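# Survey of secondary and tertiary structure
Residue strings, one per chain:
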Number of protein chains: 4
Amino acid sequence: MLRFLTAGESHGPSIATILDGMPAGLAVSSAMIDRDLLRRQQGYGSGGRMKIERDHASVTGGIMAGRTTGAPISMTVENLDHAKWRDRDIEPMTIPRPGHADLTGAIKYGYRELRLSLERASARETTMRVAVGAICRAFLLEFGIVIGGYTVSVGDVAVAPSGLVPVADYLDRFARAEESDVRCYDPTTSELMRTKIRAIMESKDTLGGIIEVVALHVPPGLGSHVQWDRKLSSRIAGAIMSIHAMKGVELGDGFLETRLPGTSVQDELDNVLGDLVTRSNHAGGLEGGISNGQPITARAALKPIATTLNPLDSVDLATGHPVKTQYERSDFCQVPRAVPIVEAMLCFVLADALIEKLGGDSIDEMKPRFAALRRARLDDLHMDAVPWRFDYLT
Amino acid sequence: MLRFLTAGESHGPSIATILDGMPAGLAVSSAMIDRDLLRRQQGYGSGGRMKIERDHASVTGGIMAGRTTGAPISMTVENLDHAKWRDRDIEPMTIPRPGHADLTGAIKYGYRELRLSLERASARETTMRVAVGAICRAFLLEFGIVIGGYTVSVGDVAVAPSGLVPVADYLDRFARAEESDVRCYDPTTSELMRTKIRAIMESKDTLGGIIEVVALHVPPGLGSHVQWDRKLSSRIAGAIMSIHAMKGVELGDGFLETRLPGTSVQDELDNVLGDLVTRSNHAGGLEGGISNGQPITARAALKPIATTLNPLDSVDLATGHPVKTQYERSDFCQVPRAVPIVEAMLCFVLADALIEKLGGDSIDEMKPRFAALRRARLDDLHMDAVPWRFDYLT
Amino acid sequence: MLRFLTAGESHGPSIATILDGMPAGLAVSSAMIDRDLLRRQQGYGSGGRMKIERDHASVTGGIMAGRTTGAPISMTVENLDHAKWRDRDIEPMTIPRPGHADLTGAIKYGYRELRLSLERASARETTMRVAVGAICRAFLLEFGIVIGGYTVSVGDVAVAPSGLVPVADYLDRFARAEESDVRCYDPTTSELMRTKIRAIMESKDTLGGIIEVVALHVPPGLGSHVQWDRKLSSRIAGAIMSIHAMKGVELGDGFLETRLPGTSVQDELDNVLGDLVTRSNHAGGLEGGISNGQPITARAALKPIATTLNPLDSVDLATGHPVKTQYERSDFCQVPRAVPIVEAMLCFVLADALIEKLGGDSIDEMKPRFAALRRARLDDLHMDAVPWRFDYLT
Amino acid sequence: MLRFLTAGESHGPSIATILDGMPAGLAVSSAMIDRDLLRRQQGYGSGGRMKIERDHASVTGGIMAGRTTGAPISMTVENLDHAKWRDRDIEPMTIPRPGHADLTGAIKYGYRELRLSLERASARETTMRVAVGAICRAFLLEFGIVIGGYTVSVGDVAVAPSGLVPVADYLDRFARAEESDVRCYDPTTSELMRTKIRAIMESKDTLGGIIEVVALHVPPGLGSHVQWDRKLSSRIAGAIMSIHAMKGVELGDGFLETRLPGTSVQDELDNVLGDLVTRSNHAGGLEGGISNGQPITARAALKPIATTLNPLDSVDLATGHPVKTQYERSDFCQVPRAVPIVEAMLCFVLADALIEKLGGDSIDEMKPRFAALRRARLDDLHMDAVPWRFDYLT
């Protein structure tokens, strides 16, 4: 079982994570982790924070001589900003920002000022998810599994819908998205997104959007239909929905499938030289809550960031008076920067599911097991034609 | 902590569940449970099964003299159908139905025929979720929390979008939906949905749709922003996505929020006689992954059932030949029947979160705690105006 | 992950369990399960209950055509006694029996009479643990792992201490213990135990004792030292201590090791034709919380049953008056009957740990993985002699 | 739910922990934490390490302005020793020390040298458990619950057995134990223990012993009898057994109870002015796996440390040759230093169980709930005398 906890506040000394359950023998470098941290810091429509600090994950346990040891991996990222907050008086924040945890956190924990909510609820926390995700990504890559993602919409600007996307095209999308500062693979749409974001910045407002993440070369058989909390679909949806500002998740064709007849949304099967191949991938690689060997696709709906330069109506909790919200530095459009976060959560869930399938405690132990997995191939399936009886042991 | 496991196959002797963690002293009757089981069996567009068997949950542990005892609750529902399957030879099923767990389950578990997947992957399993949900519903009702749901679309037929819905209107929707055999609160749309379903039945096809579930009078402060897997939003999304044929979940305005500027999707606050009241509920009652006291709203996207009378292209795994799928009795449109299933999962998650917030082991112990919960009220919040310092213990 | 829940009361209609996570393809028969259930019902010093009912586990899910399917396994055992309790008025029980959950359960759950504690706290619940254990035992046996147990003391009558016990001798002990109605492998001690128990019965009192359980042929590498809750030692101790009337657990030489110098309690190593062999097994097969390939040995201390024919001083909670406890049918010495219960918990923990090590979803998938496990053999270890550096990624 | 993970190696840059689930509003100071860290570093029979480094826990998240915020608490302790290891070549360690995780860890994780096991398996890890325990201790103290511990034996030198110990005497024991460098409350026995340890040091050997930990003023009703993994007894035993070198755990009179008749080991009840008071505490405060309001007592058996100056027989895994073990700096008797570690695990389990009982998210929210808990008092129990019927909902 893979598990991780994160800790730390937005303006505290550092943020931290412990990732427990990663097998031994995985090669990991700072470059691997920091690359994803940097991706999280870059994107058109960001506010100023990523200019002040370039995140670096310091590994203090679980990785020695460049390889995981099987021991829990502890990582921290410093908040360079902390110095500015450390030794000064903090003015209590008493005006909740609609759409944030300011008020709900204060009600829950009994805070007498709202900054205590803000400090932990901040998306700064996702830095550690990205660090965890980078290690899970390296693990998955050992088995040829590739995770990528890109922006598919910002506000009402969206890429054109596509039919079945070949694996090579997904790889191409990943590469092209990285070249775009809105993380969209389509240059024309990228330009429209940039225009859209520029306009929203000028109107002192914010914009959300939709991110698609894709996992390639996932073997069939991860997750299970047998118990509600073991479905891979459920685990992916729960993990993605845990990201800040997330309001929706869909798998495969998602909501679109509710509008079409059953005969047009299932993925029909062909026998191609013994391989069982689907003609389409409406299901997004998941049938019965189990991976089917096709690319796993998920779309994540991020609402616009709740902190806007144009203030919103709120109430000063210290006085009861109606007031406007006060601005706290933030992004105008977080969607491009959120792509590696959504990828990270998908990496984590798939790494967990793969460890469950393969068992074992080291890459060396897992590799031959992976090679021997049953595939969607006639040769592997050995169907019987022998009648049988239920014969419950009643 | 509340937890449950289910067991049993579609045509086995019975299906079963154990629900662990329900406090003592909750009044539960067979009528309460069977009412939801009946709701799950009724709906326009259903196949034949609910005509043969009317489900009854037999409680064999954890409820004595009409009240829960705090001990785990075990329930079973008989499969009346079992008699027909018990003593006969089962012909191996070797043609996977696209969109089902037939093939993925067989690859995962090494089955040499596909019925073993089907038997457990069948939505028959949701019977026990509904039974569990009925008990959780009774528990929530002790604290005034009401959960309901309805169909908002079938295929491309959908109810008109609505702005802020008052609590009374939600109650009205729940009541009217129950009078409709498509479980839609709007009579005109209901008629269109019926027409749509009738057409799909005639074309031997299937249709999915969207269900909205709503929780009223949920106190603020359930769930937490402090750790990724404790967000109520994540737990709701994971639980709903675990339902059969589910491909999408959205909370509040969900995907719609990705298309609008930030200033129009947050819920601005007013002070109404000391109560902090939001003017809208775009957030669906969840801010920062924590309930905010507004109605919690979630929408669930069900794809059309994968079993269609019009067969699909598949492969006979015993021979490798291309063949058409064979029909297995099923619904044409499961959406109306799925409403109580989605409600059940929401009931479970909220009961779990409420137990976490209240602690305690009996209704009597929890009642005064509930009454003392901090509310979204100025009187409860006591905001300080005293400057403070971070002062980490570094 | 393997997990199970049990439910049901001592005089309710039945007791039940759901075991989730057992791989597919394991052959299981009623005979296997009922054999252990029968062992649990037999033993010198038992009260009358096992004469009235012979337990049979009815499997209603997860095992079809004699093999597990990977789906959760649901089992129930009827309480034949229930008929006598069902339709009669239950006189409230208001005198707590010292040493039972009577009073603590009532305080916790707010019961207004004590039978509600008794009904669930009864050791009748262990019937389902034994059923779960029987399936885990069958699973372990597929990999050659054998679990057995025996009584090592009853009151102050104990078997003689022994040094290193060869595997063949353990097998012999298991066999001979089954022939003894006190489940002790040594005939002379058995006779003394019987005499002791007879005397305690005559004095209307009860006696506890110590049970040793042993797991043979466990591969090295189960459990882990890397996180506190993953140590196999911790998991075994927690599982055994969860059994009714349990007051102590020791692993290997346990408390004895606290009295001896370090050089005499460690198990020194030899190279025997490439195998790394320990000369002794003081550690009970566990080093650093990880199995080392030697027999895993644990001893469980059961206190005497708290229900005694000679009454104890208590208080009538309805009146506040000092009174004597009332007798509720019970054993005089439960130790012989508890042997299969302790075995069952060890079987469960080891099956869980083995599934974690092997991963996979079917016996067929796991068998080759088991065969390839690294052993305590020079050939498997490939020690490097190359200097290296810590090189943390700080 | 309270949970924690630790990470870090013995000679790595630092060790770390994240504690998730601690309520908000708890006052915590560095002095509180470091006091327990210091206790862990002091004790007669220690090796040299505690002389080089005095541990200080640096809190980097979850505690602001001296109070917990409800957010996860992250702490690190530097390994001052690290500097000496960081930049030098590490000579591979190929001779496993019997009794350690050296070999089992290497088999499990596929290490090609043994230091990788040693680094994480080292009891250095317990530093973070003590830090976690210190915070849990502060939390418990808010509710008047006091945890303490002391050495009861070192080798064959043990304190005299005692009957019922009044709470005041336990407090006295705790205080006196702190004044003893072997952490034993009895001065005469302390002197004998010192002599014993001195002798073992001279003979270049090691010694273990037994520690007793006690929790005072624990309210009745923590833990539950209803499910095997919810018994407080099981959770305490599992947590204690997870400590390094632990081979046995007993609760209350433990193994002694196996030798006495039932009538003499149960704790008879009296009504003392409406309070239900036990005359003895053989049960160690736990009946039916639930706290009963009496002091919770547990004894932990630590084997002698496996690293001895007098070498043991082993095998050089690089050559296969029989060799002697090599000395790695270590304690001669770890028992006095282990007292705060065993206390820490008890603090953690009880804090977790109390949070479960009280629910809530802040000290302020929990305090009135604690005050209203049902006690072992006639006034609180309201026993009914009304006959009733089982009436299962079958």
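Residues numbered from 1 in each chain as written. Chains lettered and ligands numbered in written order. Predicted model: local features only at pLDDT ≥ 70, side-chain atom pairs only at ≥ 80, totals over all residues. Heavy atoms only, no water.

### Observations regarding the relation of the copies chain B and chain A
Stated precisely, the cut-off is as follows: To superpose the copies, least squares is applied to the C-alpha atoms of every residue with a pLDDT of at least 70 in both. Only heavy atoms matter for contacts: two residues are in contact if any of them lie within 4.5 Å across the pair.
Least-squares fitting of chain B to chain A yields an RMSD of 0.0 Å, with the superposition described by an axial translation of 0.0 Å and a rotation of 180 degrees. Classification of the inter-copy transformation places it as that of a two-fold axis. Identified as the residue of chain B closest to the rotation axis by C-alpha distance is Gly 238 of chain B, at 2.0 Å. Of all interface residues in chain B, 100% are interface residues in chain A too; the two copies therefore contact each other through one and the same surface.

### Quick notes on the confidence of the model for chain A
Where we set the bar: Summary of the metric used: pLDDT quantifies the predictor's per-residue confidence within the range 0 to 100.
Residues of chain A with pLDDT of at least 70 account for 98%, and the chain-wide mean is 95. On the interface metric, ipTM, the complex scores 0.97, and its pTM is 0.98.

### Section: the sheet that holds strand E3 (residues 24–27) of chain B
All names here are of chain B. The following threshold applies: By the convention used here, strands pair only if DSSP detects at least 2 bridges between them. Helix numbers and strand numbers start at the N terminus; a helix is a DSSP run of H or I with at least 4 residues, a strand a run of E with at least 2.
Strand order across the open sheet formed by three strands is E3-E6-E5, with antiparallel pairing between neighbours. If you trace the sheet from one side to the other, it starts and ends with E3 and strand E5 (63–64), each paired once. Sheet topology note: the E5/strand E6 (residues 67–69) ladder contains two bridges and is antiparallel. Considered in E6, the bridge of Ile 63 is made with Thr 68.

### Looking at the side chain of Asp 34 of chain A
Selection criterion: Type-normalised accessible area, obtained with a 1.4 Å probe on protein chains alone, sets the label of each residue: buried when under 20%, exposed when over 50%, and partly exposed for intermediate values. The sign given to each residue is positive for Lys and Arg and negative for Asp and Glu; His and the chain ends receive no count. Salt bridges are defined as contacts in which a side-chain nitrogen from Lys or Arg sits within 4 Å of a carboxyl oxygen from Asp or Glu.
One can find Asp 34 of chain A in helix H1 (residues 30–41). No salt bridge forms around the buried Asp 34 of chain A; measuring N to O, its nearest opposite-charge neighbour Arg 54 of chain A is 7.2 Å away.

### Quick notes on the relation of the copies chain C and chain D
With an RMSD of 0.0 Å, the operation that places chain C on chain D is a rotation of 180 degrees combined with a shift of 0.0 Å along the axis. An overlap of 100% is found between the interface residues of chain C and their copies at the interface of chain D, pointing to a shared contact surface.

### Here's the deal with the pattern of salt bridges
Throughout the structure, instances matching the rule amount to 160 salt bridges over all chains. In this structure, Asp 313 of chain B engages Lys 324 of chain B in a salt bridge whose closest nitrogen and oxygen atoms are separated by 2.6 Å. Here the residue Asp 313 of chain B occupies a position in strand E17 (residues 313–315), and Lys 324 of chain B occupies one in strand E18 (residues 322–324), the gap between them amounting to eleven residues. Notably, a salt bridge pairs Arg 299 of chain D with Glu 250 of chain D, separated by 2.9 Å at the nearest N-O pair.

### A closer look at the sheet that holds strand E4 (residues 57–61) of chain B
All names here are of chain B. Here is the rule: Here the axes come from fitting lines to C-alpha atoms, over the contacting stretch only for helices, and the angles between their N-to-C directions go from 0 to 180 degrees.
Here four strands make up an open sheet; going across it, the order is E1-E2-E7-E4 and the pairing antiparallel. Of all the strands in the sheet, the pair left with one neighbour each is strand E1 (3–7) and E4. Pairs of neighbouring strands in the sheet enclose a mean axial angle of 20 degrees, with direction left out of account. Inspection of the sheet shows E4 paired to strand E7 (residues 73–78) by four bridges, in the antiparallel sense. Bridge pairing in E7 places Gly 61 opposite Ser 74. Contacts between helix H1 (residues 30–41) and the sheet are confined to E4 and E7, with E4 contributing the most and set at about 135 degrees to the helix. Each of E1, strand E2 (14–20) and E7 is contacted by helix H6 (residues 126–141), which is oriented at about 140 degrees to E7, the strand it contacts most.

### Some words on the interface of chain C and chain D
By a widespread convention, an interface's size corresponds to the accessible area lost as its parts come together. What counts, and what does not: Throughout, buried area stands for the accessible area (probe radius 1.4 Å) lost by two parts on being put together, summed over both. Distance and chemistry together define a polar contact, namely a pair of N or O atoms within 3.5 Å, with one atom able to donate a hydrogen and the other to accept it when in protein, and with adjacent residues in sequence counting only for side-chain atoms on both sides.
Contacts between chain C and chain D engage 135 residues on the former and 136 residues on the latter. Here chain C packs against chain D, burying approximately 10900 Å² in sum over the two surfaces, 62% of which is carbon and sulfur. Counting across the chain C and chain D interface gives four salt bridges. Across the salt bridge formed by Asp 89 of chain D and Arg 389 of chain C, the nearest N and O atoms sit 2.8 Å from each other. Summed over the shared surface of chain C and chain D, the number is 66 residue pairs in polar contact (both at pLDDT 80 or more).

### Some words on the interface of chain B and chain A
Counted only if it meets this: Gly is put with the polar residues, along with every residue not named as nonpolar or charged; the nonpolar set is Ala, Val, Leu, Ile, Met, Phe, Trp, Tyr, Cys and Pro, and the charged set is Asp, Glu, Lys and Arg.
Contact with chain B, which involves 135 residues of that partner, is made by 136 residues of chain A. Buried area between chain B and chain A, both sides added, is near 10900 Å², and the carbon and sulfur share of it is 62%. Here chain B is connected to chain A by four salt bridges. For the salt bridge of Asp 313 of chain B with Arg 279 of chain A, the shortest nitrogen-to-oxygen distance reads 2.9 Å. At the junction of chain B and chain A, the tally comes to 65 residue pairs in polar contact (both at pLDDT 80 or more). A per-element tally of the side of chain B that touches chain A places helix H4 (residues 102–109) of chain B first, with seven residues. Class assignment of the residues belonging to the side of chain B that touches chain A gives a composition of 61 nonpolar, 41 polar and 33 charged. With three bridges joining them, strand E11 (residues 246–251) of chain A and strand E11 (residues 246–251) of chain B adopt antiparallel strand pairing.

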